[in-house]
Amino acid sequence: MSTLSERILGAAAREYVDRKVDRAYAHDGTGVLALEAWKDMGGDRLGKDTGYYIQFDHIAPANNGTTATLQHELRNFAKSSFMQFSDIGCGICHQLMSEGIVLPGEIVVGADSHSVTLGAFGAFATGMGATDMAAIWLTGETWFRVPESTGIHLTGRFTGAAEAKDLALTYVGKLGMDGATYQTLEFVGEGAHHLSMDERLVLSNLSVEAGAKAGLFYADDVTVRYLKEQGYDVMPQESEPCTYQQVLDLDLADVVPLVAVPHRVDTIKPVEALGGLHLDQVFVGTCTNGRYSDLARFARLVKGRKVAVRTIVIPASASILEKAIRTGVLADIVDAGCTIGTPGCGPCLGYHMGVLGEGEVCLSTANRNFRNRMGVGGEIYLGSVATAAASALSGEITSPEAA
Amino acid sequence: MKGKGTAVCLPADIDTDVIIAGRYLRTKDRGIWAAHVLEDLDPTLASHLKGAVIVAGKNFGCGSSREQAAIAIREAGVVAVIAPSFARIFFRNAINIGLPLIESDLTCEEGSTVVFDISEGWVETGGKRHPVRLLSPRMREILTAGGLVEYWRAHR
C-alpha cells in the first residue's frame, strides 16, 4: 500500500525517478537566475507538454531601477515564449496557481520554497531552485527522490478563536524546523476532511517550515466542489492504508491561538504568554494568510473600530482584492485605519511595502520569522489572522480569545 | 572527486536569509553575494572563507529556495560544506551549481585540515577517516560535470 506521494510519483519511497512536470512556475525573484541558467544550458525553446508560468509577486511593482531592469528582461522573455505570464498586481504565484490551475494528482514544481502550498489539492507540489527550474524549461522533466512520509492525523474541529494557522504552528512546533526533512507531510483523518480549501492551503504552506518536500491532502468532496466552481470535474483520491515514517496525532479541539517568536518558526508560545508585548506593525497577507476568507475574518473583527498600530493588509491576489471590494470587506478594513498594498508578497521578505526598522516589532500572518528577514534589526512574531486583528486593535500582542 | 580545506565551524539551522540576506538579492553580481555571505551571523566571516570547508550543525540551508545562498558560499571560496543534514532545496541548489555537500556528523575543530573524497565517500580530519553518506548517482554526475548547466550542455 502506498502513500499519496508514492502514488503520484509512481514509485516507492527512496527510489530515484525522472518525471514529467505538469506545471512549472517561477517568480520575479527566482526567474531571473533561471533565465540566465537556461540560456547557459543552450535553451532556445521550452520543453514540451508542461504548463509554464511566470508571476511577478516578490518585488512588484519594482522598487528601484536595478529591480526594474532585471524584471524588464524576464518580462520580455515570458511574453516572447509560451509562458503564461502574470504581471505586477495579479498576485502571489502560489495563490494564482490555486485559482483553477493545479489539479489533483499533478506534479507541480515552483521555483520558490512555498510551492508546497499546492499540495492542498492532492498534487505533488514542491519547491526547487532556479537552475532546476531552468532544466525543467529545457526538458519538461526533473528528477525526484521519492520521499518517505510523515502522517499528520487530524481529528475534531476548531473551537474558540483557533484557526488553521494555529494548527500549522502547532505541528511545526512539534516536528521542529527539520522534523520532516527529505519527507512529505500527509494530512489525513476525519479532521482533515472538515477543513476548507483555504485552511488546507495554510497547512500545506507551512510544511516547508518543518523541512518537508511537500505537504499533501487527499482530494475529497471539498476539493471536488472547489474545483467545480473553477470549471473542473475531478475525482476524489481514495486513501489507502500505508506506512508512515512517523505519525503525529492532533485534535483540532486542542489547538489554541499561538505565535512563533523570533527567530524560529518552531519556537511556539500561546498568544496569552506574550500578551502586552508592544507592536510597531501588524501585517496581514502573504501566501499563508492573504486569502479572501482571511481578509473577511479580519474585517469582521476590526469593523467599526480603529487599529492602534500601523497595519498593512495585502490581498494575495487581484481576484481576492476584487472580491473584497465587491463584498465591502475592503471598506471595513480601510475604515478601521489599515493600509492596503498591491497584491503580492509585500514586506514578507524585507524588500518593500512595510520593511521594519532597527528594534521594531511586527506581528505578521506570514510563515517565516528568520533574523532580519523583514528588515535589519526587526523582530517578527508569526500568528493567525484573528491574533493579528486583536493585536492591531490594541497595539500589542493580544489573544483573540481575550478580545 | 577529492578536495581539501580548513574547517570553519557553524551552528545548526543556518537559514538562507542568514547566508545571503534578501536585501542583496536584486542583482546578478556574484561578487556582491560573496562579499555579504553569512553577514548577519558574523560580518567578518566573508573574508575568511577562501579555501574553507564549512562544518555546520544539522539542517544547513533551511528556508527559501534562493540559489544565491549556495552561489554566495561557493563564490566566497568555500571548498565544501559538511553537515549532518541539509534542507533539501539547498541540497539540490548546491549540487546544481557545483558546490560539494557532504552529509556527516563530523565534529568540527576550527582551523583543522579537512580532506574529503566524494566519489569514495569519506572525510578525514585529525588523522581519522569517517565514512559519509554517498550522493545519489545522478547528483554525483551533476557535481562531477561542474553543475547542472554543464551537465545539460553535455547531455543534450
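Everything quoted here is computed from the prediction, not taken from an experiment.

Parameters at a glance
- Along each chain, the written sequence defines residue order, and numbers are assigned to residues from 1.
- By the order in which they are written, chains take letters starting at A while ligands take numbers starting at 1.
- Where totals are concerned, whole chains, interfaces and linings use all residues; where local detail is concerned, this predicted model gives features only for residues with pLDDT of at least 70, and gives and counts side-chain atom pairs only at 80 or more.
- Helical segments are the DSSP runs of H or I of at least four residues, strand segments are the runs of E of at least two, and each set is numbered from the N terminus.
- In this scheme every C-beta is placed from the backbone, and a residue whose C-beta has 20 or more other C-beta atoms within 10 Å is buried, one with 12 or fewer is exposed, and one in between is partly exposed.
- Here the radius of gyration uses the C-alpha set of atoms, whereas the globule reference equals 2.2 Å times the residue count to the power 0.38.
- For the purpose of contact definition, each residue receives a C-beta atom placed from its backbone, and two residues are in contact when these atoms lie within 7 Å.
- Nonpolar cores are identified as sets of buried Ala, Val, Leu, Ile, Met, Phe, Trp, Tyr and Cys residues joined via C-beta atoms within 7 Å.
- The predictor's confidence in any single residue is recorded as pLDDT, a number from 0 to 100.
- Three residue categories are used. Nonpolar comprises Ala, Val, Leu, Ile, Met, Phe, Trp, Tyr, Cys and Pro, charged comprises Asp, Glu, Lys and Arg, and polar comprises the others, including Gly.
- For the domain bounds, the source is a domain assignment made automatically or taken from a database.
- A pair of strands is treated as paired once DSSP finds two or more bridges between them.
- Between N-to-C directions, angles span 0 to 180 degrees; the directions come from axes that are lines fitted to C-alpha atoms, helices contributing only their stretch in contact.
- Directions are taken from the helix axis to each C-beta atom, and the arc is the one they span.
- Left-handed describes a crossing whose near helix is turned anticlockwise from the far helix by less than a right angle; the clockwise case is right-handed.
- The path from the first strand over the helix to the second decides the hand: if it runs clockwise while the strands point away from the viewer, the crossover is right-handed.

*Asks:* Would you explain the overall build of chain B in this entry?
*Replies:* If you tally the helices and strands in chain B, you get 6 helices and 7 strands. Along the chain direction, N to C, the helices and strands of chain B fall in the order β-α-α-β-α-β-α-β-β-β-β-α-α. For chain B, the C-alpha atoms occupy an extent of roughly 40 × 40 × 25 Å along the three principal directions. The burial tally for chain B puts 54% of its 156 residues in the buried class.

*Asks:* Is there a simple way to explain the overall build of chain A in this structure?
*Replies:* Helices and strands together make up the secondary structure of chain A, namely 14 helices and 18 strands. Its C-alpha atoms give chain A a radius of gyration of 20 Å, near enough to 22 Å, the size a compact globule of 403 residues would have. Its C-alpha atoms put chain A at 55 × 55 × 40 Å along the principal axes. A buried classification covers 60% of the 403 residues belonging to chain A. Considering only contacts in chain A between residues 6 or more positions apart, those separated by 24 or more positions represent 77%.

*Asks:* Hey, could you run me through the nonpolar core in this one?
*Replies:* Note on soluble globular proteins: their nonpolar side chains tend to be buried together. Counting 192 residues, the largest nonpolar core has A:Ala34, A:Phe298, B:Val37 and B:Val81 as the members making the most contacts within it. For B:Val81, the residues in contact, after removing those within four places along its chain, are B:Ile54, B:Ala56, B:Phe60, B:Ile73, B:Ala94, B:Leu99 and B:Leu101.

*Asks:* Help me out: how do you make sense of helix H14 (residues 385–394) of chain A in this one?
*Replies:* Owing to its 3.6 residues per turn, the α-helix aligns residues three or four sequence positions apart on the same side. Among the 10 residues in H14(A), 9 count as buried, and that is most of the element. Inspection of H14(A) places A:Val385, A:Ala386, A:Thr387, A:Ala388, A:Ala389, A:Ala390, A:Ser391, A:Ala392 and A:Leu393 among the buried residues, and these make up the whole buried set.

*Asks:* Help me understand the confidence of the model for chain B in this model?
*Replies:* Close inspection of predicted coordinates is inappropriate in any region flagged by low pLDDT. Across chain B, pLDDT averages 96, with 100% of residues at or above 70. Under the prediction, the complex receives an ipTM of 0.96, its pTM being 0.97.

*Asks:* Would you mind going over the environment of A:Arg300 with me for this structure?
*Replies:* Residue and element names in this part refer to chain A. Along the polypeptide, Arg-300 turns up in helix H11 (residues 292–302). Given 13 C-beta atoms within 10 Å, Arg-300 falls into the partly exposed group. Note: C-alpha distance between Arg-300 and Gly-42 (258 residues apart in sequence) is 53 Å.

*Asks:* What should I look at first to understand the interface of chain A and chain B in this one?
*Replies:* Think of interface size as the accessible area that goes away when the parts come together; that is how it is often given. Residue-level contacts link 41 residues of chain A with 34 residues of chain B. Counting residues per element, the ones that place at least two in the side of chain A that touches chain B are helix H2 (30–40), helix H3 (65–80), helix H5 (130–139) and strand E7 (141–145) of chain A. Examining the composition of the side of chain A that touches chain B, we find that 6 residues originate from one element, H2(A), more than from any other. Per-class residue counts for the side of chain A that touches chain B are 18 nonpolar, 13 polar and 10 charged.

*Asks:* What is the right way to look at the domain arrangement of chain A in this model?
*Replies:* Residue and element names in this part refer to chain A. Partitioning chain A into domains gives domain 1 (16–145), domain 2 (148–254) and domain 3 (258–394). Measuring from the centre of the C-alpha atoms in domain 1 to the corresponding centre in domain 3 gives 27 Å. Facing 17 residues of domain 1, the contacting portion of domain 3 comprises 14 residues. Here the side of domain 1 that touches domain 3 is composed, by residue class, of 7 nonpolar, 8 polar and 2 charged.

*Asks:* Would you take a moment to explain the sheet that holds strand E4 (residues 101–103) of chain B for this structure?
*Replies:* Remark on secondary structure: sheet strands pair via backbone hydrogen bonds, oriented parallel or antiparallel. All names here are of chain B. A sheet is described by the order of its strands in space; here 7 strands give the open sequence E4-E3-E2-E1-E5-E6-E7, paired in mixed fashion. A single partner strand is all that each edge strand has here, and the edge strands are E4 and strand E7 (128–131). Direction aside, the axes of adjacent strands within the sheet are offset by 30 degrees on average. In this structure, strand E1 (residues 2–10) lies alongside strand E2 (residues 52–56), joined through 5 bridges in parallel fashion. Directly across from Leu-10, in E2, lies its bridge partner Ala-56.

*Asks:* Help me out: how do you make sense of unusual backbone geometry in this one?
*Replies:* Glycine aside, the phi torsion of most residues is negative, and most peptide linkages are trans. Put simply, A:Ala60 and A:Pro61 share a cis peptide bond, and its omega is 0 degrees. Its location among the elements puts A:Pro61 in the loop between strand E3 (51–55) and H3. Residue A:His263 is bonded to the preceding A:Pro262 through a cis peptide linkage, with omega at -5 degrees. Take A:His263: it is sitting in the loop between strand E12 (258–260) and strand E13 (268–270). Even without glycine at this site, B:Asp13 takes up a positive phi of about 55 degrees.

*Asks:* Help me understand the sheet that holds strand E2 (residues 23–27) of chain A in this model?
*Replies:* Residue and element names in this part refer to chain A. Strand order in the open sheet made by the 5 strands is E4-E3-E2-E5-E6, with parallel pairing throughout. Two strands bound the open sheet, and with one partner strand each, they are strand E4 (84–86) and strand E6 (124–127). Neighbour-to-neighbour, the strand axes of the sheet open up by a mean angle of 15 degrees, direction not taken into account. Where E2 meets strand E5 (residues 107–110), 3 bridges bridge the pair, whose relative direction is parallel. Along E5, the bridge assignment pairs Arg-23 with Val-108.

*Asks:* Where do I start with helix H6 (residues 148–155) of chain B in this structure?
*Replies:* By the burial criterion, the buried members of H6(B) are B:Leu148, B:Val149, B:Tyr151 and B:Trp152. Taken around the axis of H6(B), the buried residues stretch over an arc of 160 degrees, which confines them to a single face. Against the buried residues of H6(B) lie H2 and H5 of chain A together with helix H4 (88–96) and helix H5 (137–145) of chain B.

*Asks:* Explain the packing of H2(A) against H3(A) to me, please; I cannot follow it from the model alone.
*Replies:* The description of two packed helices rests on the angle between their axes and on the distance between the axes. Residues and elements named next belong to chain A. Direction vectors running N to C along H2 and H3 enclose 65 degrees, while the axes themselves pass 10 Å from each other. Between H2 and H3 lies a crossing of left-handed hand. On H3, the residues that touch Gly-31, Val-32 and Leu-35 of H2 are Leu-70, Leu-74 and Phe-77. Residue composition of the contact of H2 with H3, by class: 5 nonpolar, 1 polar and no charged.

*Asks:* Even after reading the chapter, I still don't get the pairing of strand E9 (residues 183–188) of chain A, so can you show me in this structure?
*Replies:* It is a general feature of regular strands that their side chains alternate between the two faces of the sheet. Residue and element names in this part refer to chain A. Burial runs high along E9: 6 of the 6 residues are buried. Here E9 shows a buried face lined by Gln-183, Leu-185 and Phe-187 and a second buried face lined by Thr-184, Glu-186 and Val-188. Judged from the 6 bridges that link them, strand E8 (residues 148–155) and E9 form a sheet pairing that is parallel. Looking across to E9, one finds that Ile-152 is bridged to Phe-187. After leaving E8, the chain enters helix H6 (residues 164–175) and then returns to the sheet as E9, a path that is right-handed. Strand direction decides the pairing type here: E9 and strand E10 (residues 214–217), joined by 4 bridges, are parallel. Bridging from a neighbouring strand, Glu-186 pairs with Leu-216 of E10.

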